[in-house]
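So you can see what is in the structure, the chains are spelled out below.
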Amino acid sequence: MFGERELIVDLVVIIAAAAGGGVLASLLRLPVILGYLVAGLIVGHYIPGLDIEVARVQDIAELGVALLLFTLGVQFSFAELRDVRSIAAAGGLLQIVFTIGLGTVIGLAVGFEPSGAVLLGAVMALSSTMVALKLLDARGEVRTLHGRAAIGILLVQDLAVGPLALLIPAAAGGEGAALAGELGLAIGKAALLLVVAYILGTRIVPWLLQRVAEAGLREVFLLTVLTLGLGLAAGSFALGLGVAFGAFLAGLVVSESEFSYRTLADLLPLRDVFATIFFVSMGMLIEPEVLLDHPGIVLAVVAGLVAGKLVLTAVPVALLGYPPRTAALVGFALAQGGEFSFVLAGVGLDERLISSSEHSAILMGTLISIVLSPLLLTGGPRLVSWVAATPAGGVVFGDPVVIDVPAPEDLRRHVVVCGYGRVGRELVREVTRREFPCVVVEDNPYVSRTLRSMEMPNVNGDATSEPVLQACRLEHARLLAVTFADPAGATLILAYAKRVNPQIDVIVRGRSEEDYRVLLEAGAAEVVQPEFEAGLEFVRHTLHRYGVDRTQIQALLQRRRRDVYQR
């Protein structure tokens, strides 16, 4: 009973520390995962008289790993990523292979055993889905081409966690024929589990969830999906495949049913609690003195994750035909270690592929890379834009211009739309419906193919590149619309447009008041802030429902726009 009371006290301390660390990280505009790790560091080393048994907490925290993979599987969808499927598959796999190679070289250089060096490469190959997504979302770039490409690669990385966790113990067990036999047996077990998951997903789970949902008992529905997720995770663990693989398969099974969104709504709070405990427990394993005792290893890991991984992520994207600017931005988004890096590092420690000091050095290097992530994602686009504006950078980032028929040379007083995303599509639809001349600039080759099938004049390339803008004949255009959320890129486009056609009317998309000021100074006639405009639409609808006169509503909205934009 005394031991149980100790565990409860430990969990209370951990959760309270995580809350404090998360709030502090949020106030400092850093990823909350960083706050959890630092909270674990403080709880584990800097509170006198507090002696928490980390191993016991980690046993509970493993639920966080299972639930994280389960909910990831529920959210997984190939349909959402069909435009970046080549990057998601080929690019993701190439990035993993290249980074494992780099990490192996770094590991051998700093004195790791060969098996430990390979482990280091596997740890470095994974980026943080949680950190990258939150940073991209905060910048409004999730739906951009580089945002979707980054998400595609992140999904491939997450899918690779199970196989990598499987290969690490196999690599420790032997080599040659023995290793091949172990891998063959593991593949057979994985195939068996896939068959079980397929039967569940097509024959049993949809029927079961339908019946449970019809009963109207929310807690029973939650218990059912938990049983499914943790049951497959336990089965995967029993087969020696690891908890993560089975949990992800269970999520895929649920994702094919009509109850995927309900499952997410019920599970996300529970997942976040256990995932938080997991990150705090990982922070407790970090030894601060490692930075002083093994500075070479820590700095080598940081350099590999930030500089090396940035390049090795960008290169496959560029090789697959995407613009160099897009490739560079994907690299900046993924140049860090991830939450599953801690999982693999823990597996390596358990299998004695690395020592405890090497394990702590890897965790410290990963932590530092996560600290640098916000700076990289904020400064990266500006750096790329600055380099692209130089003569040498223009050679590197100068994209080949592909002009699809009908050729835009015949256009006069036309509209140039940069970006064919959700905003661009709406504008193009209305412009073409009224038969106004229009040309679209799009850097996604798959989208350009769609435009070609529509016989829409378009230029395939990076809109910040002068050769691409020249192909749009901006000197004869009447209006330029920059619909994607990249203030640095929009500034470059504005500079060129105003130079060749000072009278051109330019409308751009911004995120913040700072964007509004900078873009207006660069020559934009109007800067649209989507979140603010969406808020006004909610105001309009609500006031209308309460009987406020349309004229009064319109006057209020105009006054509000004037106040905000003038400020």
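Further up the page is the structure itself.
This section reports on the structure supplied with the text. All figures in this text were calculated on a predicted structure; none of them were measured in a lab. (Residues numbered from 1 in each chain as written. Predicted model: local features only at pLDDT ≥ 70, side-chain atom pairs only at ≥ 80, totals over all residues. Heavy atoms only, no water.)

**As for the overall build of the protein**
Move 1: Across its full length, the protein carries 24 helices and seven strands.
Move 2: Within the protein, the fraction of its 567 residues that count as buried is 50%.
Move 3: Within the protein, contacts between residues at least 6 apart in sequence are counted, and of these 73% link residues at least 24 apart.
Move 4: Carbon and sulfur atoms provide 63% of the accessible area of the protein, an area that totals close to 26400 Å². (Helix = DSSP H or I, 4+ residues; strand = E, 2+ residues; numbered from the N terminus. Buried < 20%, exposed > 50% of the residue type's maximum accessible area, 1.4 Å probe, protein only. Contact = heavy atoms within 4.5 Å. Areas by Shrake-Rupley, 256 points an atom, 1.4 Å probe, with all protein chains shown as cover.)

**Looking at the environment of Ala485**
Move 1: As for its position among the elements, Ala485 is in the loop between β5 (479-482) and α21 (487-500).
Move 2: With a relative accessible area of 4%, Ala485 lands in the buried category.
Move 3: As for Ala485 and Thr144, which are separated by 341 residues in sequence, their C-alpha atoms are 7.6 Å apart.

**Observations concerning the side chain of Gln529**
Move 1: Among the secondary structure elements, Gln529 is positioned in the loop between β7 (526-528) and α23 (530-545).
Move 2: On the basis of relative accessibility, which here comes to 8%, the residue Gln529 falls in the buried class.

**What to know about unusual backbone geometry**
Move 1: In this structure, Glu455 is a non-glycine residue whose phi angle is positive, near 55 degrees.
Move 2: Here Glu455 is to be found in the loop between α19 (445-453) and β4 (458-460).

**A few points about the packing of α21 against helix α22 (residues 513-522)**
Move 1: One way to put it is that α21 packs onto α22 with a least axis distance of 9 Å and a crossing angle of 15 degrees. One way to sum up the angle between α21 and α22 is to call them roughly parallel. With respect to the hand of their crossing, α21 and α22 are arranged in right-handed fashion. Contact residues: α21 offers Pro487, Ala490, Thr491, Leu494 and Lys498, while α22 offers Asp515, Val518, Leu519 and Ala522. (Axes fitted to C-alpha atoms, helices over the stretch in contact; angles between N-to-C directions. Parallel < 35°, antiparallel > 145°, perpendicular 65-115°, else oblique. Left-handed = near helix turned anticlockwise from the far one by under 90°.)

**Side note on α21**
Move 1: Over its 14 residues, α21 extends 20 Å from the first C-alpha to the last, a length consistent with the 20 Å expected when each residue adds 1.5 Å.
Move 2: Inspection of α21 places Pro487, Ala488, Gly489, Ala490, Ile493, Leu494, Tyr496 and Ala497 among the buried residues, and these make up the whole buried set. (Expected span 1.5 Å × (residues − 1).)

**Thoughts on the nonpolar core**
Move 1: Formed by 86 residues in total, the largest nonpolar core has its most connected members in Phe112, Leu120, Phe278, Val317, Val330 and Leu334.
Move 2: If one sorts the elements of this core by residue count, helix α13 (residues 295-319) sits on top with 10 residues.
Move 3: Membership of the second largest hydrophobic core comes to 33 residues, among which are Val459, Ala463, Leu494 and Leu519. (Core = buried A, V, L, I, M, F, W, Y, C linked by side-chain atoms within 4.5 Å.)

**Quick notes on the pairing of strand β2 (residues 415-418)**
Move 1: Residues Val415 and Val417 point to one face of β2 and Val416 and Cys418 to the other, with burial holding for every one of them.
Move 2: Bridging between β2 and strand β3 (residues 438-442) involves four bridges; their strand directions are parallel. Pairing of Cys418 across the sheet is with Val441, part of β3.
Move 3: A crossover links β2 with its parallel partner β3, the connecting element being helix α18 (residues 422-433), and its sense is right-handed.
Move 4: When β2 meets β5, the two strands line up parallel, connected through four bridges. Bridging across to β5, Val417 finds its partner in Ala481. (Pairing = 2+ DSSP bridges. Right-handed = clockwise from strand over helix to strand, strands pointing away.)

**A word on the pattern of salt bridges**
Move 1: Under the counting rule described, the total for this entry stands at six salt bridges.
Move 2: For the salt bridge of Glu430 with Arg434, the shortest nitrogen-to-oxygen distance reads 2.7 Å.
Move 3: Each member of the salt-bridge network shares a partner with another, and the members are Arg429, Glu430, Arg433 and Arg434. (Salt bridge = Lys/Arg side-chain N within 4 Å of Asp/Glu carboxyl O.)

**A short note on the pairing of strand β6 (residues 505-509)**
Move 1: Here β6 shows a buried face lined by Val506 and Val508 and an unburied face lined by Asp505, Ile507 and Arg509.
Move 2: Inspection of the sheet shows β5 paired to β6 by four bridges, in the parallel sense. Across the sheet, residue Leu480 finds its bridge partner in β6, namely Val506.
Move 3: The parallel pair β5 and β6, bridged by α21, forms a crossover whose chirality is right-handed.
Move 4: Pairing of β6 with β7 involves three bridges; the strand directions are parallel. Bridge pairing in β7 places Val508 opposite Val527.
Move 5: Following the backbone out of β6, through α22 and into the adjacent parallel β7, one traces a crossover that is right-handed.

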